[in-house]
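Topology and contacts: notes
Next come the chains, spelled out residue by residue.
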Amino acid sequence: MSVAVLLLTSALVIVVALLAAAGAGKLARMDGATYPAALTRAATAFATALTRAATVTAALAVLT
C-alpha cells in the first residue's frame, strides 16, 4: 500500500510541477519574452515546484 501511495504522490507532484512550468512559460510568452527566456522561466518554475515538494516532505518526515 505504501508503495502505491508513494507512486501516486510522486506522479501528482510531477503533474503539478509541469502545470506550473507550462503556466509560467505561457505567461512569459504573453508578456513578450523570447522563447529561450520563456523556457528558462518555465524550467525555474518546474524546479521550484519540485524543491518545495521535497522541502515539505523533509519537514513532515522530521515531525513523524
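Above this text is the structure in question.
About the cut-offs
- Residues numbered from 1 in each chain as written.
- Predicted model: local features only at pLDDT ≥ 70, side-chain atom pairs only at ≥ 80, totals over all residues.
- Heavy atoms only, no water.
- Helix = DSSP H or I, 4+ residues; strand = E, 2+ residues; numbered from the N terminus.
- Expected span 1.5 Å × (residues − 1).
- Buried < 20%, exposed > 50% of the residue type's maximum accessible area, 1.4 Å probe, protein only.
- Contact = heavy atoms within 4.5 Å.
- Patch = residues over 30% accessible without salt bridge, like charges linked within 9 Å, V, L, I, M, F, W, Y side chains within 5 Å.
- Areas by Shrake-Rupley, 256 points an atom, 1.4 Å probe, with all protein chains shown as cover.
- Salt bridge = Lys/Arg side-chain N within 4 Å of Asp/Glu carboxyl O.
- Axes fitted to C-alpha atoms, helices over the stretch in contact; angles between N-to-C directions.
- Parallel < 35°, antiparallel > 145°, perpendicular 65-115°, else oblique.
- Left-handed = near helix turned anticlockwise from the far one by under 90°.
- Nonpolar A, V, L, I, M, F, W, Y, C, P; charged D, E, K, R; others polar.
- Phe/Tyr/Trp six-rings, centres within 6.5 Å; stacked < 30°, edge-to-face > 60°.
- Lys NZ or Arg CZ within 6 Å of the ring centre and 35° of its normal.

Between its first and last C-alpha atoms helix 2 (residues 35-63) spans 42 Å; for 29 residues at 1.5 Å apiece the expected length is 42 Å, and the two agree. When helix 2 is considered as a whole, its buried residues turn out to be Ala38, Ala42 and Ala45. Where helix 2 is buried, its residues contact helix 1 (2-30).

Let's shift gears to a nonpolar patch on the surface. Taken together, Ile14, Leu18 and Leu50 make up a surface patch of nonpolar side chains, about 240 Å² in accessible area. Here isoleucine 14 shows up in helix 1. Judged by relative accessible area, isoleucine 14 falls into the partly exposed class, the value being 42%.

Across the interface, helix 1 lies against helix 2 with an axial gap of 8 Å and an inter-helix angle of 150°. When the axes of helix 1 and helix 2 are compared, the pair comes out roughly antiparallel. In this structure, the crossing between helix 1 and helix 2 has a hand that is right-handed. Touching Val13, Ile14, Ala17, Leu18, Ala20, Ala21, Ala24, Gly25, Ala28 and Arg29 of helix 1 are Tyr35, Ala38, Arg41, Ala42, Ala45, Phe46, Ala49, Leu50 and Ala53, all from helix 2. Considering only residue class, the contact of helix 1 with helix 2 consists of 16 nonpolar, 1 polar and 2 charged.

Further remarks concern the packing of aromatic side chains. Counted by the stated rule, this structure contains 0 aromatic pairs. When the ring centre of tyrosine 35 is taken as origin, the NZ or CZ atom of arginine 29, which lies over that ring, is 3.8 Å away.

Further remarks concern helix 1. The end-to-end C-alpha distance of helix 1 is 42 Å, a good match for the 42 Å that 29 residues give at a rise of 1.5 Å each. Buried residues in helix 1 make contact with helix 2. Positioned one or two residues after helix 1, glycine 32 has a phi angle of 100°, which is positive.

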